[in-house]
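Listed here are the chains, written in short residue letters.
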Amino acid sequence: MKKILLFFLLFFFGCAGNAADTKVSQGFNMSGKKVLIAYFSRADENYQVGYIEKGNTEILAEYLAEFSGGELFKIETLTPYAKEYQAAIDFAKSEQKQKARPEIKPFDKNLADFDAVFLGFPTWWGDLPMGVFTFLEGQNFGNLPIYVFNTHEGSGLDRTIGSVEKATKTKVLGYFSLYGSVAQNQREKAKTELKAWFDEISK
């Protein structure tokens with residue numbers, strides 16, 4: 001009996017720990033609307049998933065494009081991060097300490113053409129990757145509805161929502177946050193949970 005109980009607790013809390021953290025404070029009907037999906041994502045060596053060809057956040061971005069018919073824009077720094085995980089996060093930490101704003105590839109769209117924005121990123125050292133700050137601070141978001149999607153390996157959203165709102169001067173209307181290892185290795189689960197969140201927004 002004790003073994004069965006232990007198995008149940010491990011199974012339940014293990015599953016719960018990998019579930020998405022979601023919120024929708026205000027919905028927005030996406031039907032017939034022009035949606036931008038702007039995201040930062042890093043492939044190569046990642047924590048928990050090893051070397052990957054497609055970043056965890058990028059997987060979610062592509063699902064959102066499928067659900068919404070939105071246009072994708074990948075936020076990319078001109079100088080790429082190291083392929084090795086430790087070297088990449090060490091550099092990211094030094095960027096954060098310096099409050100760096102690394103140069104990014106040009107945004108080749110007009111934000112005024114869109115009706116809503118999904119912004120995606122991993123949590124790096126408790127906050128946004130610095131290239132996301134560069135992107136956000138270079139745009140005028142006006143009153144555009146902004147929804148956040150995020151990947152992490154235990155830190156959750158941490159300070160990111162506050163940073164997005166400060167940089168855009170706009171309230172985040174909802175968020176979806178998921179373990180990157182789930183996005184990478186349990187894609188149907190990730191897609192199903194993301195679709196449920198998207199459908200809740202679009203009611």
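About the cut-offs
Residues numbered from 1 in each chain as written. Predicted model: local features only at pLDDT ≥ 70, side-chain atom pairs only at ≥ 80, totals over all residues. Heavy atoms only, no water. Helix = DSSP H or I, 4+ residues; strand = E, 2+ residues; numbered from the N terminus. Buried < 20%, exposed > 50% of the residue type's maximum accessible area, 1.4 Å probe, protein only. 1 Å grid on protein atoms, 1.4 Å probe; cavity = no way out; pocket = protein on both sides within 12 Å on 5 of 7 lines; lining within 4 Å. Points joined across faces, edges and corners; volume = space filled by probe spheres on them. Nonpolar A, V, L, I, M, F, W, Y, C, P; charged D, E, K, R; others polar. Pairing = 2+ DSSP bridges. Axes fitted to C-alpha atoms, helices over the stretch in contact; angles between N-to-C directions. Contact = heavy atoms within 4.5 Å. Core = buried A, V, L, I, M, F, W, Y, C linked by side-chain atoms within 4.5 Å. Parallel < 35°, antiparallel > 145°, perpendicular 65-115°, else oblique. Left-handed = near helix turned anticlockwise from the far one by under 90°.

1. Section: unusual backbone geometry
No. 1: Even without being a glycine, Trp125 presents a positive backbone phi close to 50°.
No. 2: Topologically, Trp125 is positioned in the loop between β6 (116–122) and α4 (130–137).
No. 3: Even without a glycine there, the phi angle at Asp158 is positive, about 45°.
No. 4: With respect to the helices and strands, Asp158 occurs in the loop between β7 (146–152) and α5 (160–168).
No. 5: For Asp158, a relative accessible area of 49% translates into the label partly exposed.

2. Considering empty space enclosed by the protein
No. 1: Scanning all chains against the criterion turns up 1 cavity of 30 Å³ or more.
No. 2: Of the pockets and cavities examined, the largest cavity occupies roughly 30 Å³.
No. 3: Forming the boundary of the largest cavity are Ala92, Gln96, Trp124, Trp125, Leu128, Pro129 and Met130.
No. 4: Among the residues forming the lining of the largest cavity, the class breakdown is 6 nonpolar, 1 polar and no charged.

3. Considering the sheet that holds strand β1 (residues 21–24)
No. 1: Reading across from one edge, β1-β8-β7-β6-β2-β5 is the order of the 6 strands in this open sheet, with mixed pairing throughout. If you trace the sheet from one side to the other, it starts and ends with β1 and β5 (71–74), each paired once. Taking each pair of neighbouring strands and ignoring which way they run, the sheet shows an average axis angle of 15°.
No. 2: Bridge analysis of β6 against β7 gives 6 bridges, and the strand direction is parallel. Each bridged residue has a counterpart across the sheet, and for Phe118 the counterpart in β7 is Tyr147.
No. 3: Those strands touched by α4 are β2 (35–39), β5 and β6, and its axis lies near 160° from that of β6.
No. 4: With respect to the sheet, helix α7 (residues 187–201) is in contact with β1, β6, β7 and β8 (172–179), its orientation differing from that of β8 by roughly 170°.

4. Description of the nonpolar core
No. 1: In terms of nonpolar packing, the biggest core is built from 32 residues, with Leu36, Ile75, Leu119, Phe135, Leu136, Val148 and Val164 touching the most fellow members.
No. 2: Mapped onto this core, the elements with two or more residues apiece are β2, α3 (85–98), β6, α4, β7, α5 and β8.
No. 3: At 5 residues, α4 tops the list of elements feeding residues into this core.
No. 4: Beyond its immediate stretch of four places on either side in the chain, Phe135 contacts Ala38, Phe73, Ile75, Ile104, Phe107, Leu119 and Phe141.
No. 5: Of all hydrophobic cores here, the second largest spans 26 residues; its members include Tyr39, Leu173, Trp197 and Ile201.

5. As for the pairing of β2
No. 1: Most of β2 sits inside the fold, with 5 of its 5 residues counted as buried.
No. 2: As defined by bridge partners, β2 adjoins β5 across 4 bridges and the pair is classed as parallel. Looking across to β5, one finds that Tyr39 is bridged to Lys74.

6. Notes on the packing of helix α2 (residues 56–68) against α7
No. 1: Running from amino to carboxyl end, α2 crosses α7 at an angle of 50°, the nearest separation of the two axes being 10 Å. With respect to their mutual orientation, α2 and α7 come out oblique. Remark: the crossing between α2 and α7 carries right-handed chirality. Contacts between α2 and α7 involve Ile59, Leu60, Tyr63, Leu64, Glu66, Phe67 and Ser68 from the former and Arg187, Ala190, Lys191, Leu194, Lys195, Trp197 and Phe198 from the latter.
No. 2: Looking at the contact of α2 with α7, its residues break down into 9 nonpolar, 1 polar and 4 charged.

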